[in-house]
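# Coordinate inspection notes
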Amino acid sequence: MEQFHHPRGVRNGVTPTPQRGRLLAGLRGRVLELGAGDGVKLSCYPADVTEIVLVEPDPFLRAAARSVADRLARPVRILDGSLLALPVADGSCDAVVCSLVLCCSARVRETLAEVRRVLAPGGELRFYEHQRSGNPLVTLAERLVTPVWALAAGGCHPARDTLAAIRQAGFTVENAERFAFRHFGHVIGVARPVG
C-alpha cells in the first residue's frame, strides 16, 4: 500500500496535511469526491485508487480541479451535479469522500441518502467536516456566527452536528476524531451504511 507522506513532504507540488493523509489513507478502487474545491486533494490520493469521480456544481471550481486532474496519470472524471441528485449509478463507488461539503448542504439528510445510494456493498464514507463543539459556550458562538458565516462561506453551517446527521442517515461511524481548527469544531472519520 502506498504511504501517504512523500519523502520531502510534497507530492506533485502539493503539501500534504495530516488531515488529508487521514482522510484518504487506504482508499482503493473507484472513489467519488463531493465538492472538488480547487482539486488539490487529487494529488494526494493513494495509488490503489483506480478512478476518481468529482461532483462539483461550481464551474470555476470544476475548471480549477480540471487543471490539477490533467497532470495526473490516473483517470479523473469531473462532473457537474447536485448533492441531492448525484450523477453516478447506484452501488458504483467503493468510497465517497466529503470534505467540508456536508456542512454546506441545505438538505444534509438527502445528500447522505444519495451517498448511501452510490456506495457499493462494503463501501465507506470518508468525511472531514465542521462539527458542533462539545463546549456549550463555543457552540453558542458557532450558532451566533452561522448566519453571517453561511452567507460568506457558501452556505456552511459550523454549528451543525454532522456526526448526528451521519448516524441519523443510516450510517455507523467506525471512527471519528474531533479537533478545533481556526476556532471552529471539526471532525474527521469513516462511516459505513448500516445493513
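The paragraphs below set out a description of the structure included in this document. If you're wondering where the values come from, they're calculated on a predicted model, not measured in any experiment. (Residues numbered from 1 in each chain as written. Predicted model: local features only at pLDDT ≥ 70, side-chain atom pairs only at ≥ 80, totals over all residues. Heavy atoms only, no water.)

### Structural notes on the overall build of the chain
- Scanning the chain for helices and strands turns up five helices and seven strands.
- Secondary structure of the chain in N-to-C order comes out as α-β-β-α-β-β-α-β-α-α-β-β.
- Residue burial in the chain is summarised as follows: out of 195 residues, 50% are buried.
- The contacts of the chain with a sequence gap of at least 6 include a subset with a gap of at least 24, amounting to 64%.
- As presented, the chain carries roughly 9,600 Å² of accessible surface, and 57% of it is formed by carbon and sulfur atoms. (Helix = DSSP H or I, 4+ residues; strand = E, 2+ residues; numbered from the N terminus. Buried < 20%, exposed > 50% of the residue type's maximum accessible area, 1.4 Å probe, protein only. Contact = heavy atoms within 4.5 Å. Areas by Shrake-Rupley, 256 points an atom, 1.4 Å probe, with all protein chains shown as cover.)

### Details of the pattern of salt bridges
- Taken as a whole, this structure holds 13 salt bridges when the rule is applied.
- The shortest N-O distance in the salt bridge between Arg107 and Glu110 comes to 2.9 Å.
- Since its relative accessible area comes to 37%, Glu110 is described here as partly exposed.
- In this structure, the salt-bridge partner of Arg192 is Glu174, at a minimum N-O distance of 2.8 Å. Taken together, the residues Arg192 in strand E7 (residues 184-193) and Glu174 in strand E6 (residues 171-181) connect sequence positions 18 residues apart.
- Judged by relative accessible area, Arg192 falls into the partly exposed class, the value being 26%.
- A network of salt bridges, in which partner residues are shared, links Glu124, Arg126, Glu174 and Arg192. (Salt bridge = Lys/Arg side-chain N within 4 Å of Asp/Glu carboxyl O.)

### Quick look at the packing of aromatic side chains
- Across all of its chains, the model carries zero aromatic pairs by this definition.
- A cation over an aromatic ring shows up here: Arg116 above the ring of Phe171, its NZ or CZ 5.9 Å from the ring centre. (Phe/Tyr/Trp six-rings, centres within 6.5 Å; stacked < 30°, edge-to-face > 60°. Lys NZ or Arg CZ within 6 Å of the ring centre and 35° of its normal.)

### Quick look at helix H2 (residues 59-69)
- Every buried residue of H2 is accounted for by Ala65, Val68 and Ala69. Down the axis, H2 shows its buried residues gathered within 95° of arc, on one side only. In H2, the exposed positions that point more than 90 degrees away from the buried face belong to Pro59 and Phe60.
- Among the structural elements, strand E2 (49-55) and strand E3 (76-79) are those in contact with the buried residues of H2.
- Its side-chain oxygen placed 2.9 Å from the backbone nitrogen of Phe60, Asp58 serves as the N-cap of H2. (Arc of directions from axis to C-beta. Polar contact = N/O pair within 3.5 Å; in protein donor to acceptor, adjacent residues only side chain to side chain.)

### A few points about unusual backbone geometry
- Phi angles above zero are rare outside glycine, and Leu100 is one such case at about 55°.
- Structurally, the position occupied by Leu100 is in the loop between strand E4 (93-99) and helix H3 (108-118).

### Overview of the environment of Glu124
- As for its position among the elements, Glu124 is in strand E5 (residues 119-130).
- A relative accessible area of 11% means that Glu124 is categorised as buried.
- Sequence spacing of Glu124 and Val173 is 49 residues, and the spatial spacing of their C-alpha atoms is 9.8 Å.

### A look at the environment of Val187
- Relative to the helices and strands, Val187 is located in strand E7.
- Taking the C-alpha atoms as reference points, Val187 and Arg132, separated by 55 residues in sequence, lie 9.0 Å from one another.
- Look past the residues within four positions of Val187 in its chain and what remains in contact with it is Phe127, Tyr128, Glu129, Gln131, Leu163, Ala176, Glu177, Arg178 and Phe179.

### Things to note about the nonpolar core
- Counting residues in hydrophobic clusters, the biggest one holds 27 residues, and the most contacted among them are Leu32, Leu34, Val96, Leu112, Leu125, Ile166 and Phe171.
- Elements that contribute at least two residues to this core include exactly strand E1 (29-34), E2, E4, H3, E5, helix H5 (162-168), E6 and E7.
- Examining the composition of this core, we find that four residues originate from one element, H3, more than from any other.
- With near-sequence residues (within four places) excluded, Leu125 lies in contact with Val96, Cys98, Leu112, Val115, Leu119, Ile166, Phe171, Gly189, Val190 and Ala191.
- In this structure, Val31, Leu42, Tyr45 and Leu54 belong to the second largest nonpolar core, which totals 22 residues. (Core = buried A, V, L, I, M, F, W, Y, C linked by side-chain atoms within 4.5 Å.)

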